[in-house]
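Structural overview
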Amino acid sequence: MLKLVQFHPAFGVRNMSPFCLKLETYLRLAGIAYEVVWSSNPAKAPKGKLPYIVDGEVTMGDSALIIDYLKGKYGDPLDDGLSAEQNAHVLAYRCLFEDNLMFPLLYARWIDPAGWEKMKNLFRRMPLPLRLIVPGIVRKGVRKQIYGQGTGRHAPDEVYRFGLQDLAAIETLLGDKEFMLGAAPTSLDATAYGFLENLVNTDFDNPLNRKARATPSFVAYCARIRQRHFSDLG
Ligand SMILES: N[C@@H](CCC(=O)N[C@@H](CS)C(=O)NCC(=O)O)C(=O)O
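This section reports on the structure supplied with the text. Owing to the predicted nature of the structure, the values given are computational and were not obtained by experimental measurement.

In this section: the packing of helix α3 (residues 84-111) against helix α7 (residues 187-200). Contact pair α3 / α7: the axes reach a minimum separation of 9 Å and the direction vectors enclose 25°. Of the possible angle classes, the one that applies to α3 and α7 is roughly parallel. Of the two possible hands of crossing, α3 and α7 adopt the one that is left-handed. Of the residues in α7, those touching α3 at V90, Y93, R94, F97, E98 and L101 are S187, L188, T191, A192 and F195.

Here's what the structure looks like:
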């Protein structure tokens, strides 16, 4: 059976990595059988990041490449009937989440002192002296990544303003629909749920989490996907 290698559950959500939760959601929405292999070491992944899959002889990293591979091998029950315009929306909004909102989200967790206070707990089971050294190294790596992308050069209120603009656009797209593009899920919903679940149902205290929790359509969307597609996990 296909193996999904991903981080352990944390902070009250199935996965605190939006990309791991995206891929697991995709597998569930598309009805592809899989088993989870838990990992806390992205260094062992083919591209140095989680999630990745092992499917027989195939070991593959990157959720977007993996979904393309899965569509080729198992068919495309989610996006098959989409028009060219709808496919363009899937791509554009996927990039809004993954290549834009991702950076304010990383900032809120790893750089904002309130987020960092919570994130430090992820390392609490490491043996000494690693527990004292590794958190700072990981945080420094994330800081470098955010600075390189550009978001890390902004003042906190500017970073959050960009993130809130993304959430406003996503709220507009969702409107009062069941899924991002209508009554049926598409692959965009895998990405959307991966991110929104992480904002609505974790208790980080920052403008992005607060906005997501205060947006009824986001709260209902996450509850709907949890109930329909993750209820077997309790
Ligand atoms: N483009 C990748 C992004 C995956 C990604 O950023 N994973 C993060 C967790 S959210 C990770 O493994 N970070 C560990 C690291 O960079 O060392 C995908 O779509 O799978």
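With that out of the way, let us pick up the site of the ligand. Around the ligand, a shell composed of S17, P18, F19, P42, G48, K49, L50, P51, D62, S63 and A64 is seen. Secondary-structure elements contributing two or more residues to the shell around the ligand are α1 (18-30) and α2 (63-74). In terms of residue class, the shell around the ligand is built from six nonpolar, three polar and two charged.

As a further point, take α7. Here α7 is 14 residues long and its end C-alpha atoms lie 20 Å apart, about the 20 Å a rise of 1.5 Å per residue gives. Judged by how many residues are buried, α7 sits mostly within the fold: 14 of 14 residues are covered.

Bringing the sheet that holds strand β1 (residues 2-6) into the picture now. To summarise the sheet geometry, strands pair through backbone hydrogen bonds and adopt either a parallel or an antiparallel arrangement. With mixed pairing, the four strands of this open sheet are ordered in space as β2-β1-β3-β4. At either margin of the open sheet sits one strand with a lone partner, and together these are β2 (34-38) and β4 (58-61). Pairs of neighbouring strands in the sheet enclose a mean axial angle of 20°, with direction left out of account. For strand β3 (residues 52-55) and β4, the ladder comprises four bridges, and the chain directions are antiparallel. Bridge pairing in β4 links D55 to V58. α1 rests against β1 and β2 of the sheet, and its axis sits at about 155° to β1.

Here we come to the environment of P51. Its place among the elements puts P51 in the loop between β2 and β3. Residue class for P51 comes out buried when judged on the 26 C-beta atoms lying within 10 Å of it. Through-space distance from the C-alpha of P51 to that of E24 is 9.1 Å; in sequence the pair is 27 residues apart. Excluding anything up to four places from it in sequence, P51 contacts L4, V5, Q6, F19, C20, L23 and S63.

By the secondary structure assignment, L23 is in helix α1. Sequence separation of L23 and L173 is 150 residues, and the distance between their C-alpha atoms is 21 Å. In contact with L23, other than residues within four places in its own chain, are L4, P51, S63 and I66.

Basis of the calculations
Going along each chain's sequence as written, the residues are numbered from 1 onward. Given that the model is predicted, a residue must reach a pLDDT of at least 70 before its local features are reported, and side-chain atom pairs must reach 80 or more before they are shown or counted; all residues, however, enter totals for whole chains, interfaces and linings. Only C-alpha atoms enter the line fits that serve as axes; for helices the fit covers just the stretch in contact. Angles between N-to-C directions range over 0 to 180 degrees. Where helices and strands are cited, they refer to DSSP runs of H or I of at least four residues and of E of at least two residues respectively, numbered from the N terminus. Each angle gets one of four labels, with under 35 degrees taken as roughly parallel, over 145 as roughly antiparallel, 65 to 115 as roughly perpendicular, and the rest as oblique. Crossing handedness follows the turn of the near helix against the far one: under a right angle anticlockwise gives a left-handed crossing, and clockwise gives a right-handed one. Think of it this way: build a C-beta for each residue from its backbone, and any pair within 7 Å is a contact. Being near a molecule or strand means, for a residue, that its backbone-placed C-beta atom lies within 6 Å of it. All residues other than Ala, Val, Leu, Ile, Met, Phe, Trp, Tyr, Cys, Pro, Asp, Glu, Lys and Arg, Gly among them, are scored as polar; the first ten of these are nonpolar and the last four charged. For a helix, the expected span equals 1.5 Å multiplied by the number of residues minus one. Using C-beta atoms placed from the backbone, we call a residue buried if 20 or more other C-beta atoms fall within 10 Å of its own, exposed if 12 or fewer do, and partly exposed for counts in between. In this description, strands pair whenever DSSP reports at least two bridges between them.

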